[in-house]
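Geometric and topological summary
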Amino acid sequence: MLLLAGPEARATDNQGEYAVRGAGLVSCAVFNQSREKHDDVYLVVAAWIDGYITAANQYAPDTYDAAPFESTELFLTIAGQYCRDHPKVPVVAVLLDVMKRIWPDRLTRKSEKVPITHSGHSTRLYVEIIRRMQRKLQSAGYYKGPIDGTFSSRTIEALKAFQKSIAFKPTGFPDQATLWRLLQGKGSVHQLQG
């Protein structure tokens, strides 16, 4: 089942082939019908995605977390957007496309996760992801503070300015759509809207 997105990290046979099992074989058309209903197939695909990422974390060299900020719901949203235009493609192809995109940004070593509560929302982010946010915001001219992995008031204000620049509601909260646009950039696999 395991085909990892990294160029050296491939668990396949000697011809590069591998077996896909379970929900990865579901077509995009079936997935999107299930997504609209939020039925069992949709939930099984979500669990399959979580299992795939966990396997990547366990078996890929130099990998602690292959999806360090991306939630299962983000993967499902991206799959739904892609599947609208590609109904015959299996879900595994969509996941592989996303994994190739995010693979270079995986965490290669453990990072502490810290709770973040702001604007009535809560999440937990790795300190390294907050540092990456700060670097991206700094290089875009929004952040003037230290790259310390602290979700400070300076980080919040910089995030608000970034959100405003991409026509998102400027909450200062690092929601999935904001993180995707900030950390994956405008050239991302699919554009998400806040």
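Up top is the structure these notes are about.
Residues numbered from 1 in each chain as written. Predicted model: local features only at pLDDT ≥ 70, side-chain atom pairs only at ≥ 80, totals over all residues. Heavy atoms only, no water.

1. A word on the overall build of the protein chain
Operational definition: Secondary structure is summarised from DSSP: a helix means a run of H or I of at least four residues, a strand means a run of E of at least two, and numbering begins at the N terminus for each. Throughout, exposure labels follow a simple rule: accessible area from a 1.4 Å probe, protein chains only, divided by the maximum for the residue type, with under 20% read as buried, over 50% as exposed, and the rest as partly exposed. In these tables, accessible area is a Shrake-Rupley quantity obtained with a 1.4 Å probe, and a residue counts as shielded only by the protein chains included in the view.
Of regular secondary structure, the protein chain possesses seven helices and two strands. Beginning at the N terminus, the succession of helices and strands in the protein chain can be written as α-α-α-α-β-β-α-α-α. Counting over 194 residues, the protein chain shows a buried share of 47%. Surface accessibility of the protein chain: about 10100 Å² in total, with carbon and sulfur atoms responsible for 50%.

2. What about the pairing of strand β2 (residues 121-126)?
Heads up, the condition is: The pairing criterion for strands is at least two bridges between them, as found by DSSP.
Pairing of strand β1 (residues 113-118) with β2, which is carried by six bridges, proceeds in the antiparallel orientation. In the sheet register, K113 faces β2, and the bridge partner there is Y126. Here β1 folds back onto β2, and the loop between the two strands holds two residues, one of which, S119, carries a positive phi near 55°.

3. Notes on the state of the cysteines
For the record, the criterion: The criterion for a disulfide is a pair of cysteine sulfur atoms lying within 2.5 Å.
All told, the structure shown has one disulfide when counted by the stated rule. Between C28 and C83 runs a disulfide, and the two sulfur atoms are separated by 2.0 Å. Note on the C28 and C83 pair: the S-S dihedral is about -50°, so by sign convention the disulfide is left-handed. On the criterion of sequence distance, the pair formed by C28 in helix α1 (residues 28-37) and C83 in helix α3 (residues 72-85) is long-range, its members being 55 residues apart. As far as burial versus exposure is concerned, C28 and C83 are alike and both buried.

By themselves, these observations are geometric and do not establish any function.
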